[in-house]
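Analysis of the macromolecular model
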Amino acid sequence: MVNEISSSKDRSSKAATTEVVDVSNLAKRYTGWSILGRRPIDALRGVDLKARGGEVFGLLGPNGAGKTTLIKVLLGVVRPSSGTAKLFGESAGSVQARRRVGYLPESLRIDRHHTARSALAYYGRLSGMSQGDIARRADELLELVGLKGRDRECVARFSKGMYQRLGLAQALLHDPDLLILDEPTDGLDPVGRNEVRKVLETLRDQGKTIFLNSHILQEVEVVCSRVAILAKGKIRGVGTVGELSQRLATNQVTFDLRSDTNLTSPEFLTDLSDSLQIDALNFKCQQSEAGLYRLSADLQNQLHVDQLVDVLRAKRISISQLEKKRPTLEDLFMQLVGEQEGSES
Amino acid sequence: MSAYIAVVIDSFRAAFSSRVLWIAFVAIWILLAALAPIGFRLQYTTDFRSQDFYNGTRLKAMLARGTVDERLAEKPIGRLAASMPDELSRQLRLVGDGDEVRIFLRVFADALNRCLDDESWYSEEAWSDTLQFRELRELDAITGPMDEELKRRRARLRIEAALPGVFETRASRSIRLTYAGIDFPATFAMDKAQFLILVNQYVLPVIIQWLMGFVLVFLGILVTSSMIPEMLQPGSLHLLLSKPISRTMLLLSKFLGGCTFVLLCVTQLVIGLFLIAWLRLDIWNARMLWCIPVSVFLFSVFYSVSTLAGLIWRSSILAIGVTCIFGSLCLVIGVIGGLFDSFVTRPASIRHIALAGDVVIGTTKGGGLVRWDQTNKVWADIFESNPMGADRVIPPVVVRESTVVTARVRGGRFNPFGSGPSDLLVMNAESGWVGEPSMRLPTSTTEIFVAGDQLIALNAAELSATSVQQIFRQVGESFLSEQTIDGESSESDEVDLPLPVDQELGQFDSQPKVGATGWLQKLSNMMGEAAEGFSQILPKNISLTPPRAVYMDSNGDYLIVQSRGRLLRFEKPETGNGVWGKVTERSIEGEAANRCWIAVSGSTMLLAREESPLQMFDVNTLEPLGEIDLPDSLSPVRLIGVSDASREARYFLVTSDGLLRQVASSFDGSDLRISDPTGPREIESVYFDSIRQKVYISHHTDQIDIYDSQQWKMVERLDPSISGWRFVDRYMIGPLRFMTPQTGELGEAIEAIISGKTARTILDGPDAGESVRYELIRPIVSCSAFVFLMLLTSCYYFATRDF
């Protein structure tokens, strides 16, 4: 399904050296109304982030975090209350900035009188493309998104997945430098998700800058080169998944042990504590099967790991596996969001 | 720009995908298919219809007299009366015996139509003394065989000749509509030119106005109200706003696109009607195509409201609701405004002006008589106006410097006969402007003239004269004393007493004398014959059938009339009394059924007729001197001639656009020209005071501008202070109407465009037609301003709002 699509390599390489998205101290306050009067709602509270050309930037956050507001600001749909947002060095929302952006909204609506091809023609004209360019690009993109052969069919008969793929095609139609995708796989079945993901990977490989807003952490983890986690209108973390993992690095080491003696006894744990001069509470041991135990310990440094191995071996305990735990993106997300919720409370 | 064109084109596609649009298309096609078989053919006007009768009472009286008066048995009305059906004869006999019997006009029409097929009532000898219409003379001259239709036409003309003053003038040819080649049962007694006017001015505008002004606008709002709320759906709007386009232009493009629905429907409907009118009715009226943009514009007024409501509430239901409320508001304000126009403003408008000394007297449209109170700067009522009233005030004339004579015809507004006899009322300042009843007017009098020492009354078909002295004698000393002051001896009055003369009523050779009593007198009164003290001045065989025009020389030396396509000049007999002699007659081209006006200036006479150019004649010989077309689409409304020291003939013509134009030429008719509009706007009437050489122009309901006729400079304005409902109208209803888009008037604009006229004429009483101007500029400006304001607000909202 995935074919090569034409793009300007020069433009991609140039974009890679510049900051495509530059958000600084961005705040957005909505005014809500209730019986009690005006009620301000802070959707964004001083957001700072940068996305460089050629990278796939993932934006993560729980519902109500401000992700959609941030995207709306980038598209110029809403105006910031304070701070700045720039795309390609231009003010976000300016015609020049929007000319270089392709956008796939979360719940795409295309008027029912359109076919896939007429919809592409319509949105292409809105993007300032000529008829010839639209016809050429439409053929390429319809094949890319797998709608070739159904391009004369009324969109009213399209499935959700076909809708999303058509939306992706329209976002790519004018060969934008920045692709803003809002939940591109939302509502798709696993096959559909996989297809969209492959398209994204192809685009990433071609050097497109993609700003991806998604709830699906695994998708972001696989596709995105950098992510930002947004909660309650604030950025909780920005960086690669690895960089963020380091912030969560817990020093916890797990040993799978084999021994005939009972390793779950308090004496054994006290003995280990004394040997390493570490608080006994750091050690936990559980028996998984007869003669098999899992020991976990919070060790400050590699010296303690080495010493513990020495102590265990001295006690003639066999070490079948040693694992230093690495946090997943979900762990990271949950911790950062949890931190934020804790600080809010 | 191509992006915005794409939005508009997309709206076309969206409209074409709408089922409602296709339902509307099918409905339009069915309507056009239903109208397409309509055609017409011309035939002679033969059958009588109820609306052909100008004076049914006179008809009843004449036939009743023909029935009961044996002396008339061999006269035309006797012969006609004898051929009436038995039941009608019985009723006519009862009438002749003095009973009050109501006979419907359609009964007379049926009876006379039977006479068309059987001319046994006709006798050449009996008809030798009747009116001799030109067309009848021509038909009588045919010696060879005639087809049935022509025979019926001749029979009708013979009946009309035998019953003068009974019938309205009708065109000789009638339109008979056909449907798929089959004749409609009824005919339209009008020639093709009138038929074109009828179709262009009434039929097509009504169809288009109703279909487009109401059906399509409402349907259009139902369909398009969802366009803006759907655009505002997040998945649609955010995508649109992410494109490099302007929000304002996007909204305007959507707005234009929304108008495409109505554009598509209206275009089909109008082009369909245009083709039917052209191919089936032989009416080429390219002005109809203007209805397309006007209708779309009318829709845009409502759609601009729907757009703003849709933007704010993002709900098509609310958008429809708000638009309907807005439409209802416009309608209610329009109706309230219309009520104020009908019951407050227009009844107060000055229709005729007369000068009694220095006092300006006017009649109002509401049947009132007012005088200008210079002290309080108000119009003081002599007869109170009553918008619902049925009374008619005879336009006052000035006799003896500061005394006016008028009459109030009870129930005479729509019935020339009125509901009873009317007395002349004499009034002046000394009498406190209380009308003193004087002589009884001939029945169905519509106008009176002062002709030297005589007062002439124009009624259903005749002119009757009495002496001014006789009028004064009947009201007593207070008025007589004034005449003494005027230096006229009372002895001289004696010779002015009217002498009884034979009543000239067509075929009667034995007429009741004035003053006769009993049933004969009653019948005479019903027929509109001269009342006691009046004597008829037109020769027999002359009947002034409406529409007609009369010019009476102020010295009473001659008069000129126009009736049934003939101009006639009569001169007063040297004896001073009796029948005036016809000295000149001239046939004039054009449709005789159109309204006309006559005025005289110097040695020239100007004839103004609807649908015809202005024609100038020599006042003595009635030789044509020249003619000039009125500016496009204008019709005459009032005409006066100015006799002053200038070396050329001058006339002032009020046209259907409510403006005054000066028509001038040398006395030999060369250099006939018409000026650009001059003076105020919204003119109701114009009056020339030959003594003071001033022109009085009533305008804007009841203001009067007084111009020096020589220098044409305004010397005074009578601007009455207003109070009561007029105050409410001017300062509350007026501004409210100004602020509300005048969508109703915009519908009238369609009528104006199709008809190509600036006004339409509404008959308002005998010999009176009110020219109602079409408002074209005001509603377009008002609606444009409203649409602009709504779109400005919508664009500001859309451009500044976070979505």
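Read on for a plain summary of the structure. Since we're looking at a predicted model, the values are computed, not measured. Here, residues in each chain are numbered from 1, in the same order as that chain's written sequence. Chains carry letters from A onward and ligands carry numbers from 1 onward, assigned in written order. Note on the predicted model: pLDDT of at least 70 is required for a residue's local features to be given, and 80 or more for side-chain atom pairs to be given and counted; whole-chain, interface and lining totals, by contrast, use all residues.

Runs of H or I in DSSP of at least four residues are treated as helices and runs of E of at least two as strands, each being numbered from the N terminus. Counting its regular elements, chain B contains 21 helices and 33 strands. Over its C-alpha atoms chain B spans a radius of gyration of 31 Å, differing by no more than 12% from the 28 Å that the globule rule assigns to 803 residues. Once C-beta atoms are placed from the backbone, each residue is buried if 20 or more other C-beta atoms lie within 10 Å of its own, exposed if 12 or fewer, and partly exposed for counts between those two. The buried share among the 803 residues of chain B stands at 49%. What counts as a contact is two residues whose backbone-derived C-beta atoms lie within 7 Å of each other. Long-range contacts, defined as pairs at least 24 residues apart, comprise 61% of the intrachain contacts of chain B with a sequence gap of at least 6. C-alpha atoms define the radius of gyration in this analysis, and the globule rule sets the expected value at 2.2 Å times the number of residues to the power 0.38.

What follows deals with the pairing of strand S23 (residues 624–628) of chain B. Residue and element names in this part refer to chain B. DSSP bridges decide pairing: two strands pair if at least two such bridges lie between them. As paired elements, strand S22 (residues 614–618) and S23 share 4 bridges and run antiparallel to each other. Within S23, the position partnered with Gln615 by the bridge is Glu627. Remark: 5 residues form the turn of the hairpin made by S22 and S23, two consecutive strands paired antiparallel; Leu622 in that turn has positive phi of roughly 60°.

Moving on, we get to the sheet that holds strand S20 (residues 596–601) of chain B. All names here are of chain B. With antiparallel pairing, the 4 strands of this open sheet are ordered in space as S20-S21-S22-S23. Edge strands, defined here as strands with exactly one partner in the open sheet, are S20 and S23. Averaged over all adjacent pairs, the angle separating strand axes in this sheet is 20°, with direction ignored. With 6 bridges joining them, S20 and strand S21 (residues 604–609) adopt antiparallel strand pairing. Looking across to S21, one finds that Ala599 is bridged to Leu606. For helices, the fitted line uses only the C-alpha atoms of the stretch in contact; every axis is such a line through C-alpha atoms, and the angle between N-to-C directions lies from 0 to 180 degrees.

What follows covers the sheet that holds strand S13 (residues 292–298) of chain A. Residue and element names in this part refer to chain A. The antiparallel open sheet is built from 4 strands, whose spatial order is S12-S13-S11-S14. The open sheet terminates on both sides in strands that have one partner only, identified here as strand S12 (283–289) and strand S14 (318–324). Across the sheet, the mean angle from the axis of one strand to that of its neighbour is 20°, orientation sign disregarded. Across 6 bridges, S12 lies against S13 in antiparallel orientation. Across the sheet, the residue bridging to Glu289 is Leu292, located in S13.

A few words now on the interface of chain B and chain A. Each partner contributes residues to the interface: chain B has 21 residues there, and chain A has 22 residues. Of the residues forming the side of chain B that touches chain A, the biggest block, 7 residues, is contributed by helix H11 (residues 234–241) of chain B. Its residues assigned to classes, the side of chain B that touches chain A comprises 10 nonpolar, 7 polar and 4 charged. Think of it as three bins: nonpolar holds Ala, Val, Leu, Ile, Met, Phe, Trp, Tyr, Cys and Pro, charged holds Asp, Glu, Lys and Arg, and polar takes everything else, Gly as well.

Just distances and angles here, no functional claims.
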